[in-house]
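These are the residues of each chain, in order.
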Amino acid sequence: MLNKSISWISSSREDLRNFPKSVRRKAGLELRALQRGEMPTDFKPMSSIGPGVMEIRINVGNTYRIFYVAKFEESIYVLHAFQKKARRTSKKDIQLAQQRYRMMIKYRQG
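Residues numbered from 1 in each chain as written. Predicted model: local features only at pLDDT ≥ 70, side-chain atom pairs only at ≥ 80, totals over all residues. Heavy atoms only, no water.

Novice: Could you give me a rundown of helix α3 (residues 91-109), with the residues and numbers involved?
Specialist: With 19 residues, α3 extends 27 Å between its outermost C-alpha atoms, agreeing within 8% with the 27 Å of an ideal straight helix rising 1.5 Å per residue. Among the residues of α3, Asp93, Ile94, Ala97, Arg100, Tyr101 and Met104 are the ones counted as buried. Buried residues of α3, seen end-on, are gathered within an arc of 130° and therefore sit on one face of the element. In α3, those exposed residues whose orientation departs by more than 90 degrees from the buried face are Lys91, Lys92, Arg102, Lys106 and Gln109. In this structure, the buried residues of α3 make contact with α1 (12-17), β3 (53-60), β4 (62-69) and β5 (75-84). Two residues or fewer after α3 comes Gly110, characterised by a positive phi angle close to 80°. (Helix = DSSP H or I, 4+ residues; strand = E, 2+ residues; numbered from the N terminus. Expected span 1.5 Å × (residues − 1). Buried < 20%, exposed > 50% of the residue type's maximum accessible area, 1.4 Å probe, protein only. Arc of directions from axis to C-beta. Contact = heavy atoms within 4.5 Å.)

Novice: So what's going on with the packing of aromatic side chains? Residues and values would help.
Specialist: Tallied over the entire structure, the rule returns 4 aromatic pairs. Look at Phe19 and Tyr64: their rings are 4.8 Å apart centre to centre, the planes differ by 55°, and that puts the pair in the tilted class. Here Tyr64 lies in strand β4 and Phe19 lies in the loop between α1 and α2 (21-35), a separation of 45 residues in the sequence. The class of Phe19 is buried, set by a relative accessible area of 6%. (Phe/Tyr/Trp six-rings, centres within 6.5 Å; stacked < 30°, edge-to-face > 60°.)

Novice: Report on unusual backbone geometry, specifying residues and quantitative values.
Specialist: Phi at Ser10 takes a positive value of approximately 55°, unusual for a residue other than glycine. With respect to the element layout, Ser10 can be found in the loop between β1 (5-8) and α1. Here Ser10 falls in the exposed class, since its relative accessible area comes to 51%.

Novice: Describe the sheet that holds β5, and please don't skip the residues or the numbers.
Specialist: Overall, mixed pairing links the 5 strands, which are arranged β1-β5-β4-β3-β2 in an open sheet. Pairing within the sheet leaves two strands with one partner each, and these edge strands are β1 and β2 (43-45). Between one strand and the next, the sheet's axes are offset by a mean angle of 30°, whatever the strand orientation. Pairing geometry for β2 and β3, over 3 bridges, is antiparallel. Across the sheet, Pro45 pairs through a bridge with Met54, a residue of β3. In the packing of α2 onto the sheet, contacts are made with β1, β3, β4 and β5, and the angle to β3 comes to roughly 145°. Sheet contacts for α3: β3, β4 and β5; angle to β5, the most-contacted strand, approximately 165°. (Pairing = 2+ DSSP bridges. Axes fitted to C-alpha atoms, helices over the stretch in contact; angles between N-to-C directions.)

Novice: Please provide a residue-by-residue account of the pairing of β3, values included.
Specialist: The pairing of β3 with β4 spans 8 bridges and is classified as antiparallel. Each bridged residue has a counterpart across the sheet, and for Val53 the counterpart in β4 is Val69. In sequence, β3 turns back onto β4 through a hairpin of 1 residue, with Gly61 there showing a positive phi of about 80°.

Structure representation (structure tokens):
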């Protein structure tokens with residue numbers, strides 16, 4: 001399916017909007033690729049958050065991450081967008097993404 005919609009879970013859209021301009025631009029290009037059915041340029045699976053969760057990795061001076069789920073036909077669900085400050089993703093960011101994953105599942109079940 002081309003031009004899949006993007007659904008923003010909780011504050012993920014506002015969080016991304018608070019990124020620096022260069023990071024927002026790169027994030028927009030990566031999300032647009034997903035909408036066209038393509039893969040991001042730098043990503044990895046994040047199964048610890050939930051089945052089908054992937055992480056877009058953006059390194060523009062600092063390190064930024066976007067957790068998303070694109071396995072459903074109707075939409076790409078953006079769960080969490082944040083600046084990564086340590087080598088390992090913080091437990092807080094993982095737990096927040098897990099909570100939003102559960103929110104997304106409930107939303108999809110109607």
